[in-house]
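Residue-level listing of the chains:
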Amino acid sequence: MMAAFGSDLIPLRRLWDEAHCLRVHEAREVEAVLVNFEEHYPQLYFSVYIGELPPTLTAIELSFLLLNRGLFWAEHHPRLNEHAIALVLDPVARTAALMVGYALEEILPPRVLQRILRNVRTPLWHAEYAPAITSVVNEVARTVRKVARGALRRDVLPPAAIEEFLGGSGASRQMLDPDMEDGGDSSHSRLLP
Amino acid sequence: MRRFPIARVCSIVTGWIALQSIVLQTEVRSEKADRFLALPQWEERDHLDSLGAGLWPDDFNPALIIHPAMLSKGENDAAQVADDSWLRFLPRSLFSNRKAHETIEPALVDISAEALRAGENAPGNTRVIDPQGILGEAQTEDLTRFLVFHSENANVEARFFLLDVGQQLPPGVDLSQIASGEIARGSGCLVVYPLGAPQRARLFLSQNVTRCVEANYLETLAAACRLDAQKASDPVEQLQRFATQLSTRLFWLERAFPAVKPEPAVVVLPALEAHPQEPVPTLSEVSLTGSVQSVERFSFAVFRQRWLPWIGLGLTGALLVATIAIMFVRWLRRRRRQTVWILPDYDHRQPMRFGGPHCGACGATVKYG
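Residues numbered from 1 in each chain as written. Chains lettered and ligands numbered in written order. Predicted model: local features only at pLDDT ≥ 70, side-chain atom pairs only at ≥ 80, totals over all residues. Heavy atoms only, no water.

Moving on, we get to helix H5 (residues 113-120) of chain B. Among all positions in H5 of chain B, only Ala115, Leu116 and Gly119 of chain B are buried. Along H5 of chain B, the residues classed as buried sweep out an arc of 100° about the axis, all on the same side. (Buried < 20%, exposed > 50% of the residue type's maximum accessible area, 1.4 Å probe, protein only. Helix = DSSP H or I, 4+ residues; strand = E, 2+ residues; numbered from the N terminus. Arc of directions from axis to C-beta.)

Next comes the structure, spelled out in structure tokens:
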């Protein structure tokens, strides 16, 4: 099967709504849930694909392909494909598939994955994709938390970037360091060492 | 020539004769009825005679009966103001000359000095002081048993000094020596009760009670006893209701003011007897002229002294617990927000399945349609 699809890497996003089943605010909510999941589980990566699959490809096959050919973007922490989770929804075939990498097989065996998917059959049947995806993500997080070790963010992750830190106050790096506009050295700033 | 049938002529004649006979019989019956049921001839002079011979009062004048439609506007308004619309068809003289019965209060007589002295000489354990023998023996025993029962269970004991309905206490009389001065020494109350006149009952309380209890509360207590006694009409029943209400209210008083306790018995040493004695404690009178509102009003004194500290303590505790709970929840949320979850190390030496370098097709699928 891997040979049939070649060996090219597929750049993955957190949410791929090719079937346009989600409204804008729903897509933003799902994106926020996935970002929150990645922040609390820096090793894991959750990818959701919603689209109509060709007759020759099933949802479970696509999830297998995504996990083996996917290229995940790691921002702060190295994320391996072995720690990835793929959820594929086919609104035409009305099929859902959930698959995990090698590292999560012991934590999320097929029996648990089947239970998680079974619990979201009703919202999926009502085409409520956003609540269904949120429920799957939360249930996966709850299951993984049982075997994970808790640690403070500052002990595991590097400190946030200055732009991100100042983003909430509306200030920018240039406002605090006017020498940057002139191409000067930012080390002369009194506010920013 | 046309021939009339004889039978037809006969039948016509017979019918005519029968009709005439019926008409004659009807006229005779009507004449008899008119003769036996003759209507009286109405004459104007009989009108007043018949009214005067009825049940009307002697000063009834039918000319004073005015139909409401004939009244002028001013009179009509005045009638409405007086709220006597149901009197419109009755002569006004029936009500205009009526005067309220003036209740003549009997002149009150001071109780005799002998009776007062007998009350002072009564033993200290006397509950019902009745030197004149006003109350019956059985009622006296009942009231005595009730007051003895009350004194056994309450700190503030009650005693009754009975007067006759037309008697009163002499002005300026000192009741501190009643029942050998036992009332004034401890925590007790004395009710000077004119039998049959609970509104003139007087309530005296020892200083041990009056200095611990608010005057407003005592007035409410006295007014409640008076009002409960006035619900009955029988003098003995009034006395029983007064005593029952007084006993109940004294129990409430003890709960509201726990400081009211009987004075401990002090053993007087012979050496102390030589010193000049302290002034004799006197009784303080409580007015019984409280209103119904004061009786039914919520007792803020009881609330303030008994429940307010507990309510304040409970509210403070609840506030403290709520504050701690809120702080704990906020700390938990902040802690959870700052917590990341790290999985144990992964063993990369696992064999590949289905040719997948990262995933071995460990998944599940469902159809929801």
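Let's pick the thread back up.
This paragraph deals with the side chain of Arg14 of chain A. Here Arg14 of chain A shows up in the loop between strand S1 (10-11) and strand S2 (15-17). Among the residues examined, Arg14 of chain A registers a relative accessible area of 17% and is labelled buried.

Turning next to the sheet that holds S2 of chain A. If you trace the five strands from one edge of the open sheet to the other, you get S2(A)-S3(A)-S5(A)-S6(A)-S9(B), paired in mixed fashion. With one partner strand each, in any of the chains shown, S2 of chain A together with strand S9 (362-367) of chain B form the two edges of the open sheet. Adjacent strand axes in the sheet meet at a mean angle of 10° when their direction is disregarded. Contacting S2, strand S3 (45-50) and strand S5 (84-90) of chain A, helix H1 (residues 24-40) of chain A runs over the sheet at an angle of about 155° to S3 of chain A. (Pairing = 2+ DSSP bridges. Axes fitted to C-alpha atoms, helices over the stretch in contact; angles between N-to-C directions. Contact = heavy atoms within 4.5 Å.)

Moving on, we come to a positive patch on the surface. All names here are of chain B. On the surface, a cluster of positive charge is contributed by Arg330, Arg333, Arg334 and Arg337. With respect to the helices and strands, the residue Arg333 is situated in helix H13 (residues 300-338). The exposed category is assigned to Arg333, whose relative accessible area is 58%. (Patch = residues over 30% accessible without salt bridge, like charges linked within 9 Å, V, L, I, M, F, W, Y side chains within 5 Å. Areas by Shrake-Rupley, 256 points an atom, 1.4 Å probe, with all protein chains shown as cover. Salt bridge = Lys/Arg side-chain N within 4 Å of Asp/Glu carboxyl O. Lys, Arg positive; Asp, Glu negative; His and termini not counted. Charge placed at Lys NZ, Arg CZ, Asp CG, Glu CD.)

Counting from both sides, the interface comprises 32 residues of chain B and, opposite them, 54 residues of chain A. Taken together, both faces of the contact between chain B and chain A bury some 3,900 Å²; the carbon and sulfur share is 59%. For the chain B face of the interface with chain A, the top three residues by lost area are Trp341, Leu343 and Tyr368 of chain B, together amounting to 24%. In this structure, the connection of chain B to chain A is made through one salt bridge. Here Glu105 of chain A ties to Arg353 of chain B by a salt bridge, and the two come within 2.3 Å at their closest N and O atoms. In this assembly, chain B and chain A are joined by 21 residue pairs in polar contact (both at pLDDT 80 or more). (Buried area = accessible area lost by both parts, 1.4 Å probe. Polar contact = N/O pair within 3.5 Å; in protein donor to acceptor, adjacent residues only side chain to side chain.)

A few words now on the sheet that holds strand S2 (residues 128-129) of chain B. Residue and element names in this part refer to chain B. Taken in spatial order, the five strands make up an open sheet running S2-S3-S5-S6-S7, and their pairing is mixed. Looking along the sheet, the strands with just one partner apiece sit at the ends: S2 and strand S7 (283-286). The pairing of strand S5 (residues 188-194) with strand S6 (residues 202-206) spans four bridges and is classified as antiparallel. Bridge pairing in S6 places Val192 opposite Arg202. Taken strand by strand, helix H6 (residues 137-153) contacts S2 and strand S3 (157-163), and its axis lies near 155° from that of S3.

Residues and elements named next belong to chain A. Counted according to the given criterion, the structure contains eleven salt bridges over all chains. A salt bridge links Arg115 to Glu139, with the shortest nitrogen-to-oxygen separation between them at 3.4 Å. Taken as a pair, Arg115 in helix H3 (residues 110-119) and Glu139 in helix H5 (residues 129-145) lie far apart in primary sequence, 24 residues in all. Here Arg115 falls in the partly exposed class, since its relative accessible area comes to 33%. Residue classification places Glu139 among the buried residues on the basis of a relative accessible area of 18%. Where salt bridges share partners, they join Arg14, Glu31 and Glu38 into one cluster.

Segments scoring low in pLDDT should not have their predicted coordinates read at a detailed level. All names here are of chain B. Mean pLDDT over chain B: 78, with 70% of residues reaching 70 or higher. Taken together, the stretch residues 265-278 has pLDDT below 50 and engages in one contact with residues farther than four places along the chain or on a different chain. For this predicted complex, the interface confidence reaches an ipTM of 0.75, while the overall pTM sits at 0.44. (pLDDT = per-residue confidence, 0-100.)

Phi is positive for Arg94 of chain A, which is not a glycine, with a value near 55°. Judged by its relative accessible area of 28%, Arg94 of chain A falls in the partly exposed class. Phi at Ala179 of chain B takes a positive value of approximately 55°, unusual for a residue other than glycine. Along the chain, Ala179 of chain B turns up in the loop between strand S4 (167-168) and helix H7 (182-185).

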